[in-house]
Amino acid sequence: MSVHLQMSLFDSAEASPLRLRSLAALRRTELSDGAWIDLLPGWLTGSDALFEDLAEHVPWRAERRKMYDNVVSVPRLLAFYREDEPLPHPVLAAAREALGAHYAEELGEPFTTAGLCLYRDGRDSVAWHGDRLGRGSSHDTMVAILSIGEPRPLLLRPRYGDAPHVRLPLGHGDLVVMGGSCQRTWDHAIPKTARGAGPRISIQFRPHNVG
């Protein structure tokens, strides 16, 4: 996989070692209907080096899905690691372990799976949705997203009511955790953009049977 990344001046392999910062700096924002998000910009330093490694070595796949009466290409590349599969880089295993330890009391179970999405440019996207497959449709849960590569905005909006929308430009090692009722009562999306957008990889950590 050959994807060109414009290195960040603040997160180059030469300037910063590949290292996870403390999760103590997470800051929570309460949304509506029992939903919340935790945000930690730059959780992973040196993340551009990880981007290059994953872009080159993860077995990315393109998918096609039925939408109404047509079969369309999914506008991003995908990879998925089940709970019994080793993750493609040691720092991702360390990230999953750190998240599990930090949220152990609140979540009550570990993060087990990892889904990866590669957004190659501004034409790649994900439509409005919630992770409502499995237990996410009926129970409070968490989805933690580590973003590396060029920033792209993650948008959140309530499924019902008129609470303000949220816009989070995520990239270069930023972490966001969506918790409480967020998957049931809010939707999120990565929109297409006509502006020049570099590649981004999203790593989503989820508990068992949340997808």
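Just so it is clear, the structure is predicted and the values come from calculations on it, not from any experiment. (Residues numbered from 1 in each chain as written. Predicted model: local features only at pLDDT ≥ 70, side-chain atom pairs only at ≥ 80, totals over all residues. Heavy atoms only, no water.)

**As for the overall build of the chain**
Next, step 1: If you tally the helices and strands in the chain, you get four helices and 15 strands.
Next, step 2: Expressed as a percentage of its 211 residues, the buried residues of the chain come to 51%.
Next, step 3: In the chain, of all internal contacts separated by at least 6 residues, the share reaching a separation of at least 24 is 79%. (Helix = DSSP H or I, 4+ residues; strand = E, 2+ residues; numbered from the N terminus. Buried < 20%, exposed > 50% of the residue type's maximum accessible area, 1.4 Å probe, protein only. Contact = heavy atoms within 4.5 Å.)

**Quick notes on helix H1 (residues 47-57)**
Next, step 1: Of the residues making up H1, those classed as buried are Ser-47, Asp-48, Leu-50, Phe-51, Leu-54 and Ala-55. Take H1 and look down its axis: the buried residues cluster within an arc of 155°, on one side only.
Next, step 2: Residues of H1 that are buried sit in contact with strand S4 (44-45), helix H2 (90-102), strand S8 (113-119), strand S10 (143-149) and strand S15 (200-206). (Arc of directions from axis to C-beta.)

**Brief notes about H2**
Along an α-helix, a turn takes 3.6 residues, which lines up residues three or four apart on a common side.
Next, step 1: The end-to-end C-alpha separation of H2 is 18 Å, in line with the 18 Å expected for 13 residues at 1.5 Å each.
Next, step 2: Residues of H2 that are buried include every one of Val-91, Leu-92, Ala-95, Arg-96, Leu-99 and Gly-100, and no others. (Expected span 1.5 Å × (residues − 1).)

**Details of the sheet that holds strand S3 (residues 35-40)**
Next, step 1: Taken in spatial order, the seven strands make up an open sheet running S2-S3-S13-S10-S15-S8-S7, and their pairing is antiparallel. Each edge of the sheet is formed by a strand with only one pairing partner; in this case those strands are strand S2 (27-30) and strand S7 (77-81). Taking each pair of neighbouring strands and ignoring which way they run, the sheet shows an average axis angle of 20°.
Next, step 2: Two strands pair when backbone bridges link them, and S2 and S3 are joined in this way by four bridges, in the antiparallel orientation. For Arg-27, the partnering residue across the bridge sits in S3 and is Leu-39.
Next, step 3: In this fold H1 packs onto S8, S10 and S15, with an angle of close to 95° to the strand it touches most, S10.
Next, step 4: In this fold H2 packs onto S8, S10, strand S13 (174-180) and S15, with an angle of close to 45° to the strand it touches most, S15. (Pairing = 2+ DSSP bridges. Axes fitted to C-alpha atoms, helices over the stretch in contact; angles between N-to-C directions.)

**Some thoughts on the packing of aromatic side chains**
Next, step 1: Counted by the stated rule, this structure contains two aromatic pairs.
Next, step 2: For the ring pair Tyr-103 and Phe-111, a centre distance of 6.4 Å and an interplane angle of 75° mean the geometry is edge-to-face. Phe-111 carries the same exposure label as Tyr-103, and that label is buried.
Next, step 3: Cluster of aromatic residues (ring-pair linked, three or more members): Trp-36, Tyr-103 and Phe-111.
Next, step 4: The residue whose ring lies beneath Arg-28 is Trp-36, and the NZ or CZ to ring-centre distance is 3.5 Å.
Next, step 5: Seen from the ring of Trp-128, Arg-157 lies directly overhead, with NZ or CZ sitting 4.0 Å from the centre. (Phe/Tyr/Trp six-rings, centres within 6.5 Å; stacked < 30°, edge-to-face > 60°. Lys NZ or Arg CZ within 6 Å of the ring centre and 35° of its normal.)

**Examining the nonpolar core**
Where a protein is soluble and globular, its nonpolar side chains tend to be buried together.
Next, step 1: Membership of the largest hydrophobic core comes to 35 residues, with the highest contact counts inside it found for Leu-99 and Phe-205.
Next, step 2: In terms of nonpolar packing, the next biggest core, distinct from the first, is built from 22 residues, Leu-78, Leu-170, Trp-186 and Val-210 among them. (Core = buried A, V, L, I, M, F, W, Y, C linked by side-chain atoms within 4.5 Å.)

**Describing the environment of Leu-31**
Next, step 1: Within the secondary structure, Leu-31 is located in the loop between S2 and S3.
Next, step 2: Remark: the alpha-carbon pair of Leu-31 and Ala-163, spanning 132 residues in sequence, is separated by 8.0 Å.
Next, step 3: What Leu-31 contacts, discounting residues up to four positions off in sequence, is Trp-36, Ile-37, Val-166, Cys-182 and Trp-186.

**A short note on the pairing of S8**
Next, step 1: With seven of seven residues buried, S8 lies mostly within the body of the structure.
Next, step 2: Neither face of S8 is exposed, since Thr-113, Gly-115, Cys-117 and Tyr-119 on one face and Ala-114, Leu-116 and Leu-118 on the opposite face are all buried.
Next, step 3: In this sheet, S8 lies alongside S7 in antiparallel orientation, the contact comprising five bridges. Bridge pairing in S8 links Phe-80 to Gly-115.
Next, step 4: Relative to S15, S8 runs antiparallel, the two sharing seven bridges. What sits directly across from Leu-116, in S15, is Ile-203.

**Here's the deal with the pattern of salt bridges**
Next, step 1: As enumerated under the stated definition, the model contains 10 salt bridges in all.
Next, step 2: Here Arg-184 ties to Asp-140 by a salt bridge, and the two come within 2.8 Å at their closest N and O atoms. Residue Arg-184 is found in helix H4 (residues 182-185), and its partner Asp-140 is found in the loop between strand S9 (126-129) and S10; the two are separated by 44 residues along the sequence.
Next, step 3: Taking relative accessible area as the criterion, Arg-184 reaches 23% and is therefore assigned partly exposed. (Salt bridge = Lys/Arg side-chain N within 4 Å of Asp/Glu carboxyl O.)

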